[in-house]
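Each chain, letter by letter, is given below.
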Amino acid sequence: MDIKLPKKPWYVNYRKYIIGGAVLVALMVYALMLQLGPRTLKVQIAHEQIATAVEGEFVEYIDVNGVVSPATSMRVNVMETGTVERICCRNGDVLQRGDTILVLSNPKVLEEMAAERQNYELRQMQHRQQLIEMQQKSITVRSQALQANFDLKKMAQDYELAEEEARMGVRSKAQLQMARDEYEYNRQRTLLNIESLHQDSVLNVIGRQLIQQQMQMEAQKLENSNRRRDALVVLAPIDGQIGNLNATIGAQISAGAQVSEIGLLTDYKVTARLNEYYIDRIQTGLPATAFLKGRELSFEVSRITPQVQDHSFEIELRGNCANLLLGQSLRLQIELGRPEHRLIIPRGNFYAQTGGQWLMKVDETGRRASRVPIKLGRQNTEHYEVMEGLQAGDRVLISGYEYFGDAEVLRW
């Protein structure tokens, strides 16, 4: 006997299609949620990538490379034109005063010196002959003066004898008068002759002095000529280290040209170049610190050269340069202000990816981080100053951003 079966509901025959459609709708809803919701990325995060924003002392400073150099240097100039024949030292050599730097050659100078020497010897012979003649003339003048004085004394004695004879009656008054007139005439003439001889003697002395002065001047002129020869050898003017030696064998160097510098070894400075961005923030007196082999060296900015070349300018620092070597490089930290209490986070490579515009902030669970906008202020080699977007105690990711892509939420 046949049994009538109950009729199945309509959806039973379409259940596969209904289930498939439901799954498809669920997938579409899930995809839509993914599109509309934040982009999430699952990553592996190390402990070193997470840092905490804290309230702390912030000091703005910059790192620069400095080079130890002499604080005082002297230029070395060539005094005589010549061709470089020999170079006797190299940049960085320590020289003593009088050590040879360069040897120049100039045949024209040597020829002029030889001619000057010949002229000097000829003029010296002429002057010596003149001096001999004047010496002989001086002897003659002294002899004539001696004879004139003797004649004057003899005439006085003759006149006294004539007076005695007149008193004795041997001579008449007329004869005595004639003797008096003759004596007076001869006395005046002799006195004039003595005065003339005296003037000749004075002129002779002056003439000899002039000749001696001329001889000294010519000797000085010869010495100056010899200095031209000596100037062809360029010597170190002081004790120190040579630098900026600019000469090559065979090069022609003009008189007055600078060929090198000598730096004093008793005092040092540190020179550094900074980006032009800091030109209005650097001032003399700013402190700086360098670390060398476990030692902390203190410096301060002593001089600023405001001329900008290749987008940078030069500064000089003075301080503890004991036991430092010329040319030694130092890594300096120059403080740009006093310590201030600010919200800070450690430096990381996030800045290269985000430009300091946002960070991944870790939530309270410690297993998830989401993107938050921030605003950074100043920076130093260790920290960034946080102006907006974070609070003290917030934990953020500071590295690994090159792997995050455009994800807005991270899970690990």
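All values reported here derive from a predicted model rather than from experimental measurement.

Thresholds applied
- Residues numbered from 1 in each chain as written.
- Predicted model: local features only at pLDDT ≥ 70, side-chain atom pairs only at ≥ 80, totals over all residues.
- Heavy atoms only, no water.
- Helix = DSSP H or I, 4+ residues; strand = E, 2+ residues; numbered from the N terminus.
- Rg over C-alpha atoms; globule rule 2.2 N^0.38 Å.
- Buried < 20%, exposed > 50% of the residue type's maximum accessible area, 1.4 Å probe, protein only.
- Contact = heavy atoms within 4.5 Å.
- Areas by Shrake-Rupley, 256 points an atom, 1.4 Å probe, with all protein chains shown as cover.
- Lys, Arg positive; Asp, Glu negative; His and termini not counted.
- Charge placed at Lys NZ, Arg CZ, Asp CG, Glu CD.
- Pairing = 2+ DSSP bridges.
- Axes fitted to C-alpha atoms, helices over the stretch in contact; angles between N-to-C directions.
- Salt bridge = Lys/Arg side-chain N within 4 Å of Asp/Glu carboxyl O.
- Patch = residues over 30% accessible without salt bridge, like charges linked within 9 Å, V, L, I, M, F, W, Y side chains within 5 Å.
- Phe/Tyr/Trp six-rings, centres within 6.5 Å; stacked < 30°, edge-to-face > 60°.
- pLDDT = per-residue confidence, 0-100.
- Core = buried A, V, L, I, M, F, W, Y, C linked by side-chain atoms within 4.5 Å.

Within the protein, the regular secondary structure consists of five helices and 24 strands. A compact globule built from 412 residues would reach a C-alpha radius of gyration of about 22 Å, whereas the protein, at 53 Å, exceeds it by more than 25%. Taken over the C-alpha atoms alone, the protein extends approximately 225 × 50 × 35 Å along its principal axes. Expressed as a percentage of its 412 residues, the buried residues of the protein come to 32%. Taking all contacts inside the protein whose residues are at least 6 apart in sequence as the whole, residues at least 24 apart take part in 77%. Carbon and sulfur atoms form 52% of the exposed surface of the protein, whose accessible area is close to 27,300 Å². Charge separation in the protein, taken as the distance between the mean sites of 49 positive and 50 negative side-chain charges, equals 9 Å.

What follows concerns the sheet that holds strand β3 (residues 54–58). Strand pairing within a sheet occurs via backbone hydrogen bonds; the two strands may be parallel or antiparallel. Here we have four strands laid out as an open sheet, ordered β3-β18-β22-β21, and antiparallel in their pairing. Strands at the two margins of the open sheet, each flanked by one partner only, are β3 and β21 (375–379). Pairwise comparison of adjacent strand axes, ignoring direction, gives a mean angle of 60 degrees for this sheet. Pairing of strand β18 (residues 340–346) with strand β22 (residues 383–388) involves three bridges; the strand directions are antiparallel. Within β22, the residue paired with Ile-345 across the bridge is Tyr-384.

Before going further, it helps to examine the environment of Ser-172. Its place among the elements puts Ser-172 in the loop between α3 (107–168) and α4 (173–231). A C-alpha to C-alpha distance of 133 Å links Ser-172 and Glu-57, two positions 115 residues apart in sequence.

All chains considered together, the criterion is met by 10 salt bridges. In this structure, Glu-340 and Arg-342 form a salt bridge, with 2.8 Å as the shortest nitrogen-oxygen distance. Look at Glu-340 and you get partly exposed, because its relative accessible area is 25%. Residue Lys-361 is joined to Asp-394 by a salt bridge in which the shortest nitrogen-to-oxygen separation is 3.6 Å. Taken together, the residues span a long stretch of sequence, with Lys-361 in strand β19 (residues 358–362) and Asp-394 in the loop between β22 and β23 (395–397) at a distance of 33 residues. We classify Lys-361 as partly exposed; its relative accessible area is 27%. Residue Asp-394 is classed as buried on the basis of its relative accessible area of 15%. In this structure, a network of salt bridges that share partners links the residues Glu-60, Arg-281, Glu-340, Arg-342, Arg-378 and Glu-385.

Residues Ile-19, Val-23 and Leu-27 make up a contiguous nonpolar surface patch of about 290 Å² in total accessible area. Along the chain, the position of Ile-19 falls in helix α2 (residues 15–36). Under the relative-accessibility criterion, Ile-19 is labelled exposed at 53%.

Now for the packing of aromatic side chains. The full count for this structure, using the stated rule, is six aromatic pairs. With a centroid separation of 5.5 Å and an interplanar angle of 65 degrees, the aromatic rings of Phe-350 and Tyr-384 are classed as edge-to-face. In this pair, Phe-350 is assigned in helix α5 (residues 350–354) and Tyr-384 in strand β22, connecting sequence segments 34 residues apart. Each member of the pair, Phe-350 together with Tyr-384, is buried.

Moving on: the sheet that holds strand β6 (residues 82–87). If you walk across this open sheet you meet the four strands as β9-β8-β6-β11, and the pairing is antiparallel. Two strands close off the open sheet at either side, each with one partner strand: β9 (233–235) and β11 (252–253). Note: strand β8 (residues 100–105) against β9, three bridges, orientation antiparallel. For Val-103, the partnering residue across the bridge sits in β9 and is Val-233.

Once that is clear, we can look at the pairing of strand β4 (residues 61–70). The sheet contact formed by β4 and strand β17 (residues 329–335) spans seven bridges and is antiparallel. Residue pairing in the sheet places Val-67 in a bridge with Ser-329 of β17. Pairing geometry for β4 and strand β13 (residues 268–275), over five bridges, is antiparallel. Bridged to Ser-69 within β13 is Lys-269.

This brings us to the confidence of the model for the protein. With 90% of its residues at a pLDDT of 70 or more, the protein has an overall mean of 80. Predicted confidence in the protein is weakest over helix α1 (residues 10–13), with a mean pLDDT of 57, and strongest over β23, with 92.

Time to look at the nonpolar core. Membership of the largest hydrophobic core comes to 26 residues, with the highest contact counts inside it found for Ile-345, Leu-390, Leu-397 and Leu-410. Mapped onto this core, the elements with two or more residues apiece are β18, β19, β20 (368–373), β22 and β23. When sequence neighbours within four positions are dropped, the list of residues in contact with Leu-390 reads Ala-53, Leu-343, Ile-345, Leu-359, Lys-361, Val-372, Ile-374 and Val-396. Counting residues in each nonpolar core, the second largest holds 24 residues, with Ile-62, Val-270, Val-301 and Ile-334 among its members.

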